[in-house]
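Coordinates in review
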Amino acid sequence: MEPEPLRARLGRRLREARVHTGLTVREAAQRAGMPSHSVLVRYENGDAHPPPERLEALAQAYATPVAALLAERDEAVALIALLERADPGTLRRILAALR
């Protein structure tokens, strides 16, 4: 089975994050400072890539790290989100335990 293309994977994750946050497309676009919700629909459908600044604004609107939205594997999304929120000491302990 071929891996899911980045554009499709990112679109799916953006939609999942928005729905999880309980926002409509219009509300999410407004929170991210987008002039129109139709652009967000294009991102979610995998028809366009958001520029880095827009991706960061959407991640902030959804309270999720950009890295989690871009993860190659779905199984890593929750782990990445937890790691991004961890303090430096916790990260050092986790890294030491994995070595």
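Throughout this document, residue positions are counted from 1 along each chain, in the order its sequence is written. This being a predicted model, a pLDDT of at least 70 is required before a residue's local features are given, and a value of 80 or more before pairs of side-chain atoms are given or counted; all residues contribute to the totals for chains, interfaces and linings. Only hydrogens and water are removed before side-chain values are computed, so all heavy atoms of the structure are retained for them.

**Re the nonpolar core**
Residues belong to one nonpolar core when they are buried, are Ala, Val, Leu, Ile, Met, Phe, Trp, Tyr or Cys, and are joined through side-chain atoms within 4.5 Å. The cut-offs for exposure are 20% and 50% of the maximum accessible area for each residue type, with area from a 1.4 Å probe on protein chains only; residues under the lower value are buried, those over the upper are exposed, and the others partly exposed. Residues Leu-14, Met-34, Leu-40, Tyr-43, Leu-58, Tyr-62 and Leu-69 are the most contacted members of the largest nonpolar core, which totals 19 residues. The way it works is that DSSP assigns letters per residue, a run of H or I at least four long becomes a helix, a run of E at least two long becomes a strand, and they are numbered from the N terminus. Looking at this core, the elements that each hand over two or more residues are helix 1 (6-21), helix 2 (25-31), helix 3 (37-44) and helix 4 (52-61). Among the elements that line this core, the one with the most residues is helix 4, at five residues. Those residues in contact with Leu-14 that lie beyond four places of it in its chain are Tyr-43, Glu-44, Pro-50, Leu-55, Leu-58, Tyr-62 and Leu-69. Contacts are residue-level and defined by heavy atoms, with any inter-residue pair within 4.5 Å sufficient.

**Looking at the layout of surface pockets**
In this analysis the probe radius is 1.4 Å and the grid spacing 1 Å, with only protein atoms considered; a cavity is a set of points the probe fits into but cannot get out of, a pocket is an open set with protein on both sides within 12 Å along at least five of seven lines, and lining residues have an atom within 4 Å of a point. Grid points are joined across faces, edges and corners, and a volume is the space filled by probe spheres set on the points. Quantified by volume, the largest pocket comes out at close to 200 Å³. In terms of lining, the largest pocket is formed by Arg-13, Glu-16, Ala-17, His-20, Thr-21, Tyr-62, Thr-64, Ala-68, Leu-69, Asp-74 and Val-77. Taken together, the elements giving at least two residues each to the lining of the largest pocket come down to helix 1 and helix 5 (66-70). Broken down by element, the lining of the largest pocket gets its largest block of residues, five residues, from helix 1. The residue classification treats Ala, Val, Leu, Ile, Met, Phe, Trp, Tyr, Cys and Pro as nonpolar and Asp, Glu, Lys and Arg as charged. All others, Gly included, are polar. Here the residues of the lining of the largest pocket are counted per class, giving five nonpolar, three polar and three charged.

**Things to note about the pattern of salt bridges**
Here a salt bridge means any side-chain nitrogen of Lys or Arg lying within 4 Å of a carboxyl oxygen belonging to Asp or Glu. All chains considered together, the criterion is met by seven salt bridges. Here Glu-75 and Arg-73 are joined by a salt bridge, their closest N and O atoms 4.0 Å apart. Classification of Arg-73 by relative accessible area gives exposed; the value is 57%.

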